[in-house]
Amino acid sequence: MEKIVFDQLQEELFYEKMDNGLDVYVLQKKGFNKTYATFTTKYGSIDNQFIPQGGNDFIHVPDGIAHFLEHKMFEKEDGDVFQHFSRQGASANAFTSFTRTAYLFSSTDNVQNNLETLINFVQEPYFTEKTVEKEKGIIGQEIRMYDDNSDWQSYFGLIQNMYHTHPVKIDIAGTVESIADITKDHLYECYRTFYHPSNMLLFVVGSIDPQETIEFVRENQSKKDYTDQPEINRLFEQEPAEVKEQKRVLKMNVQTSKCQVGLKAIDTELQSEQLQKRESTMNVMLDMLFGKSSPLYYQLYREGLIDETFYYDFTQEKGFGFAMIGGDTAKPDELEKRIRTILLETKTGKHLTEEALKRSIKKKIGSFLRAVNSPEYIANQFTRYTFNGMNLFEVVPVLEGITLDDVLNTARQMISENRLTTFHILPK
Amino acid sequence: MALINETIIKKKGYNLHIVRTDKYKTNTIVWKMKAPLQKETVTKRALLPYVLQSGSEKYPTSTDLRSYLDDLYGASFYVDLAKKGDYHTISFSMEVANEKFLKEGEPLLEQALQFLHEILQKPNAENGAFNSEIVIDEKRNLKQRIESIYDDKMRYASARLLEEMYAGDPYALQSNGILEDVEGINETDLYSYYEQAFTGDEMDLYIVGDVEAGQVEKMADRLFQFNSRTPQSSKAAKTAATSVKPKEIKEKQEINQGKLHIGCRTHVTFGDDDYIALQLFNGVFGGFSHSKLFTNVREKESLAYYAASRLESHKGFLMVLSGIDSKNYTKAVEIIREQLTAMKNGEISDSELLQTKAVIRNQLLETIDTARGVIEMLYQNVVAGKEMTIDHWLEAVEQTTKEEITAVADKVEMDTIYFLSGMEGE
C-alpha cells in the first residue's frame, strides 16, 4: 500500500495495485457520514471496434452496447441488485460515458457489505436471452426520453457536426434499431474483453479506514480466479482535422431557440501532463472570453443574445475533444456570428489580458476547492483523470502555472475556421 | 453528540442560524426570505432576486459584481426561488473558500458577508426605482425562464398537473410567476415591492462551516439590521378527505414519449404525527428503485425507464411520474392504481419495510453531508413552524410500523391524472 499526501488540500490518498491488476484508491474523509465508491471500467460508447478476448480479428459491435451492458449487470439469477443494496441501506447507480462505465453506491451504514456487493456484482455477469429482450423495452423508453430533450439533442447534434468517423458521434444509448440487434453473446464478448480487473479502477471515499478497506479488497480479489490478460486492441479509423459539417438546424417542439458553437480539438493523441495542461488552458481561455465577469459576456447579455443558460466547456480525451459554447437565445444567427468572431479574434490575442487571466485562475481554484467537498466529484473525476494519465490533485498547481503566452499559443494552435461548427434548435 | 450543531440566535428582523463543522473546505452562507404565495405578488417576487443579483450601489453592473466574486477565490453566488407548500421562498446563496486552505489568508468570510449585505441592502437604485437597464434585462430573462418550462416536457407536465389539480388555489402558481404579468412591472413598482418584502418577509440567515460563532454573530450584527416583524401565515386551509373519482386530463403534443403525471392528496404535512409514516409510505410506494412502482411498471412490465413518486412535504402533495409509450396509457394507469390499492390493503412485505427504512435513514444522513443539504433540512422547520431534529427524525423512522403506514395510505387519494401524449397513430 502506498500513501500519497496532498499538503495544501490536507488530504491523504492510499493506493494499491492488486495482483490481478486492479487499481484501488482510498481517500478518508473525516466527519462525513457517507461513503461513496465507484468501480469503473475503461470501456465506453466509443469502444465499438476491437479484438475480443481470445479472438484474432476485429469485430464491430452494435451501437449502445456498453450502456446496455451496464443496465444488464444489475440483474442476477436471484433478482435485482438494487434490491440487495436497498436492504443494506445503500443507494446504487451506474452510468456510461464515451470512455467509461461506472458502477457506484453511497451509504452511511454497512459500508463493507455494500463494497462487497459492488465488487461482486460487477465481477459476476449473468445474461440470458429473456432478460436481454426485456431490457430493450426499458432502454427504448430511455432513448425516447432523450429524443424529446432539446439540450441533449443540441449536445449530440454538435458532436455529430464535428466528427466524420470517430464513434464519439454515436449516441451513448444507441438507437431503438441498433439495440434490437444486441444478444447475450455480444454482452459476454464485451464483458470478457473490457471487465478484466487490469482494465478497472476502484475508488472509495468517505468515512472508512483506508488500511482495512484495502485489505478487504485484496482478500476479496485473491479468492477470484483471474488470469493475466494482454492489452486490449481497439480500432479507431482516421479522423480528419476539420469538422464534418459547418452548420445544421433541427426543428423541435420547443418555444425557445438554442445556438451552440463547437470547436473541434486537434492533437487528440495528447495524454498525461500535456493533456491536463491543454484542458486547463482551454477552460481558462473560455472563461476569460465568456465568463460572467468578462466584458464580452456583459455585451452579449445586454444585447439580449444570451441568458443564464449560456454555457461553455472544453473536454478532451484520447482520440477526440471539443469546446462547446452557447445556450438558449432569441437570436441564434446573431449569437452564432458573434461567438465565431470572438473566437477568431482571440487567435490574434484580442480579449486576452493579464488581468482576466489572473481572475479566471483564481476563480477556477475556488471552484475546485468547492468541488472537492463532494465525494462524488472526487471519485468520478479522479477516475477520469487517472484513465488519461492525469492527476486530479495537480489541478491547482497546473492552473497556477498557466501564463498568458500559454493561452495565446493554445488559441493560435486550436482555433481555426474549418474546425468551427454550429448547431441550432428552432421551434417548429 | 447531535448530528447537526445548530445555534439559532434571534436578531431584529431575522434569525441567525450557525452550524459549526470542519467537514468542508468552504463556508456556505444562505439568506432566505419567505412570504405567502399569492397571485398578486408571485411575479414581482420571482423578478426581485434576479434584479438584486445583477448589480449594487458599489458594483453597478454584473461585470463589476462578478469580477469581485472571482477575486474572492471564485466565490459562488446565486439566487433561487421555491415553493414550500403555500409559501414562496427566495434564497441568496454563497459559498466561499475557507481561507485556511489558501496561501494568502484573506478574510474571505467577512468579505462574503459584506458582499451579501450590499446585494440585499444597497441595490443599484435611486429615487425609489431600480436601475432601468437591469430591470429590462431581467424581465426579458424571466419571460424566457417561464417559457422554457414548455421545452422540458417533464416539468411542463408537472406544471399542468398542478394547474388542473389546484385550480383556484395559490399552489397552482409557479415559483417563476405568471408570464402575462412580467411586462407590466416597472422599476418603481418593483422597488416598492422590494421595500415591502424586506419589511414583512420572514427572513433567516444560515452560515455553515468551520467558523467561530461569536465572531460570526458580531459580523452579522454589524451588517444586517432590519425592523422587527410578525411574519404572515398562509391563509390556505388544509383540505379534508373526499372520495371522488380522479379527474382525467389528456393533452397532445409532437413528442416521442408520453408523460404520465398523477397527483394525489395525502392530507398530511410536515410535522404532523403521521408525517414520518407518510415518508415511509412514499418510499415503499415509489420513492426508490426497490419500490412498488419501479418494480412493477419498469422491471416487470418494461413499460418505462422511470416510474416514481415524489412528495411535497409542506403541501402534502404526492406526484407519480412515468414516461411511457402513449399506447400503454391504460395499462400503466392500471398498474399504478393496483400499487396504491396494495398499499391501502397493507400489502407491505417485511423486506420492503426494512429496505425503505434503511434507504431513508441513509438518505437523511447523506443529505447532511452537504452544507446546502443541512440548510434545506433545517429550513423545513422554519417553514412548518416546528422543531424536528435529525436525531428525532431518524428515531421516528425506526419506530414506524406497517400498520401506521397502512393507516396513512388510507388517507392518500388519487386526485388528477394528467397525460401528455405524442401524436403517434394519427
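What you are looking at is a predicted structure, and each value in this text was computed from that prediction instead of being measured. (Residues numbered from 1 in each chain as written. Chains lettered and ligands numbered in written order. Predicted model: local features only at pLDDT ≥ 70, side-chain atom pairs only at ≥ 80, totals over all residues. Heavy atoms only, no water.)

So, about the layout of surface pockets. By volume, the largest pocket is sized at about 1,000 Å³. Taken together, 39 residues make up the lining of the largest pocket; nearest its centre are Lys42, Arg234, Phe236, Gln271 and Lys318 of chain A. Of all elements in the fold, only strand E11 (200-206) and helix H13 (375-387) of chain A reach the threshold of two or more residues within the lining of the largest pocket. Of the residues belonging to the lining of the largest pocket, the class tally is 13 nonpolar, 12 polar and 14 charged. Two domains each donate at least three residues to the lining of the largest pocket, and these are domain 1 (2-222) and domain 2 (247-427) of chain A. Residue lining of the second largest pocket: 25 residues in total, with Ile361, Ile365, Val396 and Glu400 of chain A together with Tyr73 of chain B positioned closest to the centre. Taken together, the elements giving at least two residues each to the lining of the second largest pocket come down to helix H12 (354-371) and helix H14 (395-400) of chain A. Here the lining of the second largest pocket gets 9 residues from one element, more than from any other, and that element is H12 of chain A. Considered class by class, the residues forming the lining of the second largest pocket number 13 nonpolar, 1 polar and 11 charged. (1 Å grid on protein atoms, 1.4 Å probe; cavity = no way out; pocket = protein on both sides within 12 Å on 5 of 7 lines; lining within 4 Å. Points joined across faces, edges and corners; volume = space filled by probe spheres on them. Helix = DSSP H or I, 4+ residues; strand = E, 2+ residues; numbered from the N terminus. Nonpolar A, V, L, I, M, F, W, Y, C, P; charged D, E, K, R; others polar. Domains from an automatic or database assignment.)

Bringing the sheet that holds strand E16 (residues 420-427) of chain A into the picture now. Residue and element names in this part refer to chain A. Judged by pairing direction, the sheet is mixed, and its 5 strands sit side by side in the order E12-E16-E13-E15-E14 without closing on themselves. Here the strands that pair on one side only, and so sit at the sheet edges, are strand E12 (247-252) and strand E14 (311-317). The average undirected angle you get between the axes of adjacent strands in this sheet is 15°. As paired strands, E12 and E16 are joined by 6 bridges and run parallel to one another. For Leu250, the partnering residue across the bridge sits in E16 and is Ile425. (Pairing = 2+ DSSP bridges. Axes fitted to C-alpha atoms, helices over the stretch in contact; angles between N-to-C directions.)

So, about the interface of chain B and chain A. On the chain A side, the residues contacting the 67 residues of chain B number 62 residues. For the pairing of chain B and chain A, the buried interface totals around 6,000 Å² over both sides, and the portion due to carbon and sulfur atoms is 45%. Applying the counting criterion to the chain B and chain A interface returns 10 salt bridges. One salt bridge in this structure joins Arg302 of chain A and Glu133 of chain B, with 3.1 Å as the shortest N-O distance. There are 40 residue pairs in polar contact (both at pLDDT 80 or more) connecting chain B and chain A. Elements with a contribution of two residues or more to the side of chain B that touches chain A: helix H2 (62-71), strand E5 (87-97), helix H4 (132-147), helix H5 (153-165), helix H10 (292-300), strand E12 (317-324) and helix H12 (350-367) of chain B. In terms of residues, the side of chain B that touches chain A owes the most to one element, H12 of chain B, which gives 9 residues. Of the residues that constitute the side of chain B that touches chain A, the class distribution is 22 nonpolar, 21 polar and 24 charged. (Contact = heavy atoms within 4.5 Å. Buried area = accessible area lost by both parts, 1.4 Å probe. Salt bridge = Lys/Arg side-chain N within 4 Å of Asp/Glu carboxyl O. Polar contact = N/O pair within 3.5 Å; in protein donor to acceptor, adjacent residues only side chain to side chain.)

Quick look at the sheet that holds strand E8 (residues 202-209) of chain B now. All names here are of chain B. Spatially, 6 strands are ordered E1-E2-E8-E3-E5-E4 in an open sheet, and the strand pairing comes out mixed. Unpaired on one side and paired on the other, strand E1 (6-11) and strand E4 (76-84) mark the two borders of the sheet. Taking each pair of neighbouring strands and ignoring which way they run, the sheet shows an average axis angle of 15°. Note: E4 against E5, 9 bridges, orientation antiparallel. Counted as the bridge partner of Tyr78 is Ser93 from E5. Packing against the sheet, helix H8 (residues 213-223) makes contact with E1, strand E2 (14-20) and E8, and its axis sits at approximately 155° to E2.

What follows is about the UniProt feature "domain: Peptidase M16 N-terminal" (unreviewed entry) in chain A. Per the UniProt record, "domain: Peptidase M16 N-terminal" (unreviewed entry) is annotated on residues 64-175 of chain A. Its end C-alpha atoms 7 Å apart, residues 64-175 of chain A is made of 54% helix and 15% strand. (UniProt positions renumbered as here; feature names shortened; annotations may be inferred.)

Here we come to the domain arrangement of chain B. Residues and elements named next belong to chain B. Examined at the domain level, chain B breaks down into domain 1 (6-223) and domain 2 (247-421). Spacing between the C-alpha centres of domain 1 and domain 2 amounts to 30 Å. Counting from both sides, the interface comprises 38 residues of domain 1 and, opposite them, 34 residues of domain 2. Overall, the association of domain 1 and domain 2 removes approximately 3,100 Å² of surface from exposure, summing both partners, and the carbon and sulfur fraction of that is 63%.

This part takes up the UniProt feature "domain: Peptidase M16 C-terminal" (unreviewed entry) in chain A. Feature annotation in UniProt places "domain: Peptidase M16 C-terminal" (unreviewed entry) on residues 181-362 of chain A, given in this structure's numbering. In residues 181-362 of chain A, the share of helix is 41% and the share of strand is 21%. The end C-alpha atoms are 50 Å apart.

One non-glycine residue, Asp267 of chain A, lies in positive phi territory at about 55°. On the accessibility criterion, Asp267 of chain A (29% relative accessible area) is partly exposed. Backbone geometry at Tyr73 of chain B places phi at a positive 50°, although glycine is not the residue there. Relative to the helices and strands, Tyr73 of chain B resides in the loop between H2 and E4. What makes Tyr73 of chain B buried here is its relative accessible area of 8%. (Buried < 20%, exposed > 50% of the residue type's maximum accessible area, 1.4 Å probe, protein only.)

Attention now moves to the domain arrangement of chain A. All names here are of chain A. Splitting chain A by domain gives domain 1 (2-222) and domain 2 (247-427). Placing the centre of domain 1 and that of domain 2 at their C-alpha centroids yields a distance of 28 Å. Facing the 41 residues of domain 1 at the interface are 38 residues of domain 2. Around 3,500 Å² of area is buried between domain 1 and domain 2 when both sides are counted, 71% of it from carbon and sulfur atoms. Across the contact surface, domain 1 and domain 2 share 2 salt bridges. A salt bridge links Asp151 to Lys258; the shortest N-O distance between them is 2.9 Å. At the junction of domain 1 with domain 2, the criterion picks out 14 residue pairs in polar contact (both at pLDDT 80 or more). For the side of domain 1 that touches domain 2, the elements supplying multiple residues, two or more each, are strand E3 (23-28), strand E4 (35-41), helix H5 (150-162) and E11. Examining the composition of the side of domain 1 that touches domain 2, we find that 11 residues originate from one element, H5, more than from any other.

Moving on, we come to the pattern of salt bridges. Two side chains carrying opposite charge are able to pair once their charged atoms lie near each other. In this structure the tally under the stated criterion is 62 salt bridges over all chains. With a shortest N-O distance of 3.6 Å, Glu12 of chain A and Lys3 of chain A are connected by a salt bridge. Given a relative accessible area of 35%, Glu12 of chain A falls into the partly exposed group. In this structure, Lys247 of chain A engages Asp333 of chain A in a salt bridge whose closest nitrogen and oxygen atoms are separated by 3.2 Å. In this pair, Lys247 of chain A is assigned in strand E12 and Asp333 of chain A in helix H11 (residues 332-346), connecting sequence segments 86 residues apart. Connected through shared salt-bridge partners, Lys72, Glu75, Lys134 and Glu135 of chain A together with Arg298 and Glu299 of chain B make up one network.

Moving on, we get to the pairing of E14 of chain A. All names here are of chain A. A large share of E14 lies buried, amounting to 5 of its 7 residues. Taken together, the 7 bridges between E14 and strand E15 (residues 320-329) define a ladder with antiparallel strand orientation. Among the inter-strand pairings, Tyr312 is bridged to a residue of E15, identified as Ile325. Linking two consecutive strands that pair antiparallel, namely E14 and E15, is a turn of 2 residues; a positive phi of about 100° is found at Gly319 within it.

Moving on, we come to the packing of helix H9 (residues 275-287) of chain B against helix H15 (residues 402-411) of chain B. All names here are of chain B. Running from N to C, H9 and H15 point in directions that differ by 85°, and their axes come no closer than 8 Å. As the angle between them shows, H9 and H15 are arranged roughly perpendicular. Mapping the contact onto sequence places Ala277, Leu278, Leu280 and Phe281 in H9 and Glu404, Ile405, Val408 and Ala409 in H15. When grouped by side-chain class, the residues that make up the contact of H9 with H15 number 7 nonpolar, no polar and 1 charged. (Parallel < 35°, antiparallel > 145°, perpendicular 65-115°, else oblique.)

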